[in-house]
Amino acid sequence: MHKPLVFATNNPHKLSEVRDILGASRPVLSLSDIGCHDDIPETADTLEGNALLKARWVSERFDCDCFADDTGLEVAALDGRPGVLSARYAMANGEGEGHDAAANSALLLRQLEGVTDRRARFRTAIVLIKDGREYQVDGVINGSITTAPHGTDGFGYDPIFMPEGHTQTFAEMSAHEKNTISHRRRATDALLQLLEKI
Ligand code: ITT
């Protein structure tokens, strides 16, 4: 049995997905498990930067081994935007408030009206701090942005993202099917490989 790792999230969905992948021999604690209820700043201008801010915040204040993630949708025709702004894209463009998934997708579809290059990718960056050392891994899934939303499952940009080699958007797939190929899955697989090496 390995020493517990703290995952700097309170998102129960992410936590259970990561626990499934890492397996029972690598126990993972959430922020609430360690009594951390801080609103951790995510003010960096890259995914890796935000993951690093979160991981450092927790490892420094709670003296533990820890990892944190950040995810963005990177659209080729928009030079990689919304990227690090994915959660609050509409708000960052003066539309809507907070994390409004429908407004974010609507804005993206408008920006891509008439654009034929619809390539996009989801990317998850993970930073691990273990025994005082910092490591980075990431996971990517390539795909394209549809011209209209399809499907009702999932969250965020799922209804407008179609992974390469598939004919359904993430929101039309079962959670199991999405989680088998997703960016987060690939990043967590990379984290597991890293943990086995170090
Ligand atoms: P935390 O509380 O863990 O920070 P978050 O909402 O910021 O949650 P992420 O950093 O993982 O979540 O993702 C940022 C945004 O990217 C998220 O709000 C969605 O808009 C989008 N996103 C991330 N993963 C996605 C997925 O699997 N499908 C669709 N959209 C996703």
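Structural data are supplied above this passage.
Overview of the structure. (Residues numbered from 1 in each chain as written. Predicted model: local features only at pLDDT ≥ 70, side-chain atom pairs only at ≥ 80, totals over all residues. Heavy atoms only, no water.)

Of note, the bond from Arg 81 into Pro 82 is cis; its omega dihedral lies within 30 degrees of zero at 0°. By the secondary structure assignment, Pro 82 is in the loop between β3 (66-75) and α3 (89-92). A positive phi angle is found at Asp 79, which is not glycine, with a value near 55°. With respect to the helices and strands, Asp 79 occurs in the loop between β3 and α3. If you check the backbone angles, Asp 131 has positive phi at about 50° while not being a glycine. Here Asp 131 shows up in the loop between β4 (119-130) and β5 (133-145). (Helix = DSSP H or I, 4+ residues; strand = E, 2+ residues; numbered from the N terminus.)

Tallied over the full model, the rule gives four aromatic pairs. With 4.6 Å between their ring centres and 15° between their planes, Phe 7 and Phe 67 make a pair best called stacked. Here Phe 67 lies in strand β3 and Phe 7 lies in strand β1 (residues 5-7), a separation of 60 residues in the sequence. For the pair shown, Phe 7 and Phe 67 are each scored as buried. Seen from their ring centres, Phe 161 and Phe 170 are 5.2 Å apart, and the 45° between their planes marks the pair as tilted. Like Phe 161, the residue Phe 170 is buried in the burial classification. Among the aromatic residues, ring-to-ring pairing joins Phe 122, Phe 161 and Phe 170 into one connected group. When the ring centre of Trp 57 is taken as origin, the NZ or CZ atom of Arg 61, which lies over that ring, is 3.6 Å away. (Phe/Tyr/Trp six-rings, centres within 6.5 Å; stacked < 30°, edge-to-face > 60°. Buried < 20%, exposed > 50% of the residue type's maximum accessible area, 1.4 Å probe, protein only. Lys NZ or Arg CZ within 6 Å of the ring centre and 35° of its normal.)

This part is about the nonpolar core. If you look at the biggest cluster of nonpolar residues, it comprises 18 residues, and the most contacted ones within it are Leu 73, Val 75, Leu 108, Ile 145 and Phe 161. Residue assignment for this core shows that the elements contributing at least two residues are β3, α4 (101-111), β4 and β5. Top contributing element to this core by residue count: α4, with three residues. If we ignore the near neighbours within four places in the chain, the residues touching Phe 161 are Leu 73, Ala 120, Arg 121, Phe 122, Ile 141, Asn 142, Gly 143, Ser 144, Ile 145, Thr 169 and Phe 170. Judged by nonpolar contacts, the second largest core, of 16 residues, contains Leu 15, Val 18, Val 137 and Leu 195. (Core = buried A, V, L, I, M, F, W, Y, C linked by side-chain atoms within 4.5 Å. Contact = heavy atoms within 4.5 Å.)

Turning our attention to α4. Among the residues of α4, Ala 103, Asn 104, Ser 105, Leu 107, Leu 108 and Leu 109 are the ones counted as buried. Contacts from the buried residues of α4 go to β3, α3 and β5. For α4, the capping residue at the N-terminal end is Asp 100, with a side-chain oxygen 3.3 Å from the backbone nitrogen of Ala 102. (Polar contact = N/O pair within 3.5 Å; in protein donor to acceptor, adjacent residues only side chain to side chain.)

With that out of the way, let us pick up the site of the ligand. Around the ligand, a shell composed of 16 residues is seen, among which Lys 14, Asp 70, Asp 158, Lys 178 and Arg 184 lie nearest. At 2.9 Å, a side-chain N or O of Asp 70 approaches an oxygen atom of the ligand. Considered on its own, the ligand offers 590 Å² of accessible surface; in the complex 84% of this is hidden by protein. Of all the secondary-structure elements, those providing two or more residues to the shell around the ligand are β3 and α6 (183-197). Partitioned by chemical class, the residues of the shell around the ligand number four nonpolar, five polar and seven charged. (Near = heavy atom within 4 Å. Areas by Shrake-Rupley, 256 points an atom, 1.4 Å probe, with all protein chains shown as cover. Nonpolar A, V, L, I, M, F, W, Y, C, P; charged D, E, K, R; others polar.)

Quick look at the packing of helix α1 (residues 12-22) against α6 now. Where α1 meets α6, the axes come as close as 10 Å, and the angle between the chain directions of the two elements is 45°. The angle between α1 and α6 falls in the class oblique. Considering how the two elements wind past one another, α1 and α6 form a crossing that is right-handed. Residues Lys 14, Glu 17, Val 18, Ile 21 and Leu 22 of α1 pack against Arg 184, Arg 185, Thr 188, Asp 189, Leu 191, Leu 192 and Leu 195 of α6. Looking at the contact of α1 with α6 residue by residue, the classes come out as six nonpolar, one polar and five charged. (Axes fitted to C-alpha atoms, helices over the stretch in contact; angles between N-to-C directions. Parallel < 35°, antiparallel > 145°, perpendicular 65-115°, else oblique. Left-handed = near helix turned anticlockwise from the far one by under 90°.)

Honestly, it's all geometry; don't read function into it.
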